[in-house]
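Chain and residue survey
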Amino acid sequence: MNLLCLGVNHNTAPVEIRERLAFAEMHLPENLREMLKLDSVREVTVLSTCNRVEIYASVDELDSAINNLTDFLIKHFEIEDPAAIEFYQKRDEGAARHLFHVASGLDSMVLGETEIFGQIKKAYATAQSAGTTAQQMNKLFQQSFRIGKLVRSSTKIQQGSTSIGAVAVDLAEGIFGALDGCKVMIIGAGEMSRTTAQSLVSRGASSIFVSNRSYDKAEELAAELNGQAVRFDDWEESLNDVDIIVSATGAPHAILTHETIDEAMDKRRGRSLFIIDIAVPRDVENEVNEIESVYLYNVDQLQRVAENGRVRRQEQIEICKVVIEKHLEEKGIGALQNVPPGIRKQIENDEESGGREPAVN
Amino acid sequence: MDDKLLLSISTLCFLGGFIYAVMALRSGSHNPSRWNMTIIGLGFVFQCWFLQVRGQLHGRCPITSGAEILVFISWAIVLMYFVLGKAFRLSLLGTFTAPMVFVFQTTALIFLKMGDTGAQRKPEVDHWLEMHAALSLLAYGAFALAAVAGIMYFVQDRQLKSHTPGKLFYKMPPIRYSVDALIRLLGIGLLLLTIGIVSAFFMKEFPSAGHLIVSGAVWVIYGLLIAIYVMKKLTPKRLAIAAVGAFLVALATLVVLPDTTSPL
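Residues numbered from 1 in each chain as written. Chains lettered and ligands numbered in written order. Predicted model: local features only at pLDDT ≥ 70, side-chain atom pairs only at ≥ 80, totals over all residues.

1. Focus on the overall build of chain B
Let me state the cut-off plainly: Strands here are runs of E lasting at least two residues and helices are runs of H or I lasting at least four, both read from the DSSP assignment and numbered beginning at the N terminus. Between the buried cut of 20 or more and the exposed cut of 12 or fewer other C-beta atoms within 10 Å of a residue's own C-beta lies the partly exposed class, and all C-beta atoms are placed from the backbone.
For chain B, the count of helices and strands is nine helices and zero strands. Out of the 264 residues belonging to chain B, those deemed buried represent 46%.

The following block contains the structure:
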């Protein structure tokens, strides 16, 4: 039997095409069983996320299976212009390598992200419960989970934040530790404020104050974040209590001056204050960073930290690939196909012992 | 086993701990605390062994010379590190603790090579004197760790202010915890020093005026430092700088004190 991966992802197809090819979660088990009825197809699993639609299949004859599955997709999604869609095809070791790359986050839009790992697990579980997997798919996906964990634990692919929101949260945790006791003031209720505030809330910040020139918008965002709206004329009064300020107003001049913060810090008596200024033009005077225990980051500075994180992750790609190649070399695609009794016993032992990962130098 | 050999092995462990921690931090792929703790733990065992051998030699607490005092302070630092490290999530403190202990013990080894005073037995052991000296040196250990926490705060503050938080920043405990640890260590040190000084008044031989003045001065410095911070008149950065400065002063008192058998 041969292994096949057929699909599109964010690198090969725009969102307009990906959304047309997305499988409905509710009907996926039924769709999987339909695909299993196709000639040559012996086992099948579908990974359908916002960034990719991939069919992994164990097949008797590769070319025939590719044609049958492609026809199925065109028919199922009622694609009128099939020539507009180019499915990539990965065969045998290439298919296994591709899944290992995907599971390790190497094929993701945000390099090294972990969400894909859960999505693969879910895809496999769906196929299992639909009864469309057997020995080859089981081995392939179990190995991909092992590889995904191994790559993440033995390389630095996950290190460093790569987005402004994540950088802001990491810095906040570096200053205050757990964010659950932190008070956050959001000044300006725009999209950037919402995104950054959501990042902080997702890591435990629970006491949120929102201030905006339009009080209605402040109330709206405060309700969304389970916080409290503060009138724009009153936000300065809260300065003594908050730990983090996220400022993103459309004001043409600085609204947080050195004098204002300096006065507030006198009353705060040394408690640290983290100011995230994501407004352009900036909301906070640059000199504010010179005040003791005040840490001011503007959008460029946050971008720079995020860029460093991205560069660090890029540098890890080759190391991750070595880990994957070493695994393929050791286990080989043969392990997924015709399993000799000795090897089968070893795999079974590995599974019984919780899937120990081989050491990597 | 020869006491100098024991101290050499212990010192090498701390050098190893320091090198390993720096390498782990540079690579970023390992958790430095587990291995660091093991190596430092091994250094601590040999430290204890050295002090036990020296204690048997003198028939009392082994703080009879500059070299022994340095080892005893190092022992106190490592003890504090183990007792407080986990509680305050300061396992990375080992990165800064290990080099400090390495320097102290290397100096002690040089002193011992230059001239070991040998057994310093006394016909009668004054337990108040032993307690006074031991507690005072333990207090110095706490002050040393407070200084280390101060340096840590300083490094974190500098990285945050310059907008270049490196790998080291993300490996350290939150900057707020560094300040908490610093103030707690100062408090523990002051408490131990207070008991140490009070026990001096029960000694068979009353301490000299010089000792009283110097130990009183150290007590006042740390007392004022804590009082000013508690009154919120000192920012964390200034507290960190003051903790380092105060420890240098405290360390200097060990040098200027004429009789090292009673460090305060």
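Next comes the rest of the description.
2. Some words on the confidence of the model for chain A
Residues and elements named next belong to chain A. Convention followed: Think of pLDDT as the predictor's per-residue confidence, scored from 0 to 100. It is the C-beta atoms, placed from the backbone, that decide contacts: two residues are in contact if theirs lie within 7 Å.
A residue-level look at chain A finds 92% of positions with pLDDT of 70 or above and a mean pLDDT of 86. Across residues 338-348 the pLDDT falls below 50, and counting only partners more than four positions away or on other chains, this stretch makes three contacts in the model. Counting contacts from residues 350-361, a segment whose pLDDT is below 50, to residues more than four positions away or on other chains yields eleven contacts.

3. Observations concerning the environment of valine 102 of chain A
With respect to the helices and strands, the residue valine 102 of chain A is situated in helix 4 (residues 93-103). Sequence separation of valine 102 of chain A and phenylalanine 117 of chain A is 15 residues, and the distance between their C-alpha atoms is 8.1 Å.

4. Digging into the nonpolar core
The line we're drawing: In plain words, the nonpolar core is the set of buried Ala, Val, Leu, Ile, Met, Phe, Trp, Tyr and Cys residues that C-beta atoms within 7 Å link up.
In this structure, Val184, Ile186, Val210 and Ile275 of chain A together with Phe143, Ala146 and Leu182 of chain B are the most contacted members of the largest nonpolar core, which totals 130 residues. Looking at this core element by element, the count peaks at 18 residues for helix 5 (residues 127-161) of chain B. Not counting residues within four places of it along the chain, the set of residues in contact with leucine 182 of chain B comprises Ala146, Ala149, Gly150, Tyr153, Leu239, Ala240 and Ala243 of chain B.

5. Observations regarding the environment of phenylalanine 46 of chain B
As for its position among the elements, phenylalanine 46 of chain B is in helix 2 (residues 32-58). Beyond its immediate sequence surroundings of up to four residues, phenylalanine 46 of chain B is in contact with Leu6, Ile9, Ser10 and Cys13 of chain B.

6. Some thoughts on the packing of helix 5 (residues 115-130) of chain A against helix 6 (residues 135-154) of chain A
A pair of packed helices can be characterised by two numbers: the angle between their axes and the separation between those axes. Residue and element names in this part refer to chain A. Just so we agree on the cut-off: Think of each axis as a best-fit line through the C-alpha atoms, taken over the contacting stretch in the case of a helix, with angles from 0 to 180 degrees between the N-to-C directions. In this scheme, roughly parallel covers angles under 35 degrees and roughly antiparallel covers those over 145, while 65 to 115 is roughly perpendicular and the rest are oblique. Handedness of each helix crossing follows the sense of rotation of the near helix against the far helix: counterclockwise by less than a right angle gives left-handed, clockwise gives right-handed. Note on residue classes: Ala, Val, Leu, Ile, Met, Phe, Trp, Tyr, Cys and Pro are nonpolar, Asp, Glu, Lys and Arg are charged, and everything else, Gly too, is polar.
Relative orientation of the contacting elements helix 5 and helix 6 amounts to 165°, with a least axis distance of 11 Å. The angle between helix 5 and helix 6 falls in the class roughly antiparallel. Crossing geometry of helix 5 relative to helix 6 is assigned as left-handed. Contacts between helix 5 and helix 6 involve Phe117, Ile120, Lys121, Tyr124 and Ala127 on the former and, on the latter, Met137, Phe141, Ser144, Phe145 and Gly148. Grouping the constituent residues of the contact of helix 5 with helix 6 by class yields seven nonpolar, two polar and one charged.

7. Overview of the packing of helix 7 (residues 175-200) of chain B against helix 8 (residues 209-230) of chain B
Residues and elements named next belong to chain B. The geometry of helix 7 relative to helix 8 is characterised by a closest axis approach of 10 Å and an angle of 145° between their N-to-C directions. Regarding helix 7 and helix 8, the two cross each other, and that crossing is left-handed. Taking contact as the criterion, the partners of Ile183, Leu186, Gly187, Gly189, Leu190, Leu193, Thr194 and Ile197 in helix 7 are, on helix 8, Ser215, Val218, Trp219, Tyr222, Gly223, Leu225, Ile226 and Tyr229. Broken down by class, the residue content of the contact of helix 7 with helix 8 amounts to eleven nonpolar, five polar and no charged.

8. Examining helix 7 (residues 164-176) of chain A
Residue and element names in this part refer to chain A. Quick note on the threshold: The span you would expect from a helix comes to 1.5 Å times its residue count less one.
The first and last C-alpha atoms of helix 7 sit 18 Å apart over 13 residues, in line with the 18 Å expected at 1.5 Å per residue. In terms of burial, helix 7 is largely enclosed, as eleven of its 13 residues are buried. Every buried residue of helix 7 is accounted for by Ile164, Gly165, Val167, Ala168, Val169, Asp170, Leu171, Ala172, Gly174, Ile175 and Phe176. Of the residues trailing helix 7, glycine 177 is marked for its positive phi of about 80°.

9. With respect to unusual backbone geometry
Residue and element names in this part refer to chain A. In this structure, proline 281 follows valine 280 across a cis peptide bond, with omega equal to 0°. Relative to the helices and strands, proline 281 resides in the loop between strand 9 (273-277) and strand 10 (294-298). Despite not being glycine, serine 40 has its phi angle at roughly 80°, a positive value. Position of serine 40 among the secondary structure elements: in the loop between helix 2 (28-36) and strand 2 (41-48). A count of 20 C-beta atoms within 10 Å places serine 40 in the buried class. Of note in the backbone geometry, serine 293 takes a positive phi value of approximately 65° without being a glycine. Looking at the element boundaries, serine 293 is found in the loop between strand 9 and strand 10. You can call serine 293 buried: it has 22 C-beta atoms within 10 Å.

10. Quick word on the pairing of strand 2 of chain A
Residue and element names in this part refer to chain A. Definition in use: By this definition, two strands are paired if DSSP reports at least two bridges between them.
Judged by how many residues are buried, strand 2 sits mostly within the fold: seven of eight residues are covered. The pairing of strand 2 with strand 3 (residues 52-59) spans seven bridges and is antiparallel. Of the residues in strand 3, the one forming a bridge with threonine 45 is tyrosine 56. Counted between consecutive antiparallel strands, the loop separating strand 2 from strand 3 contains three residues.

11. A few points about the sheet that holds strand 1 (residues 2-9) of chain A
All names here are of chain A. Within the open sheet, the four strands sit side by side as 2-3-1-4. Their pairing is antiparallel. Of all strands in the sheet, those with a lone pairing partner are strand 2 and strand 4 (88-91), marking the two edges. Taken over all neighbouring pairs, the strand axes of this sheet differ in orientation by 15° on average, direction set aside. Docked against the sheet, helix 4 engages strand 1, strand 3 and strand 4, running at close to 50° with respect to strand 1.

12. Examining the sheet that holds strand 5 (residues 183-187) of chain A
All names here are of chain A. Taken in spatial order, the six strands make up an open sheet running 7-6-5-8-9-10, and their pairing is parallel. Each of the sheet's edge strands pairs with one partner strand only, and the pair in question is strand 7 (228-231) and strand 10. Ignoring strand direction, the axes of neighbouring strands in this sheet form an average angle of 20°. With five bridges connecting them, strand 9 and strand 10 associate as parallel partners.

13. Overview of the interface of chain A and chain B
Listed by partner, the interface residues are 19 residues for chain A and 16 residues for chain B. Secondary structure elements with two or more residues in the side of chain A that touches chain B: helix 7, strand 10 and helix 11 (299-331) of chain A. Tallying contributions element by element places helix 7 of chain A first for the side of chain A that touches chain B, with six residues.

14. Remarks on helix 10 (residues 258-268) of chain A
Residue and element names in this part refer to chain A. Convention followed: What the arc measures is the spread of directions leading from the helix axis to the C-beta atoms.
Among the residues making up helix 10, those that are buried are Ile261, Ala264 and Met265. Along the axis of helix 10, the buried residues cluster in a sector spanning 105°; they form a single face. Exposed side of helix 10, more than 90 degrees from the buried face: Glu259, Asp266 and Lys267 are the residues found there. The elements touched by buried residues of helix 10 are strand 9 and strand 10. Downstream of helix 10 by one or two residues, arginine 269 has phi in the positive range, about 50°.

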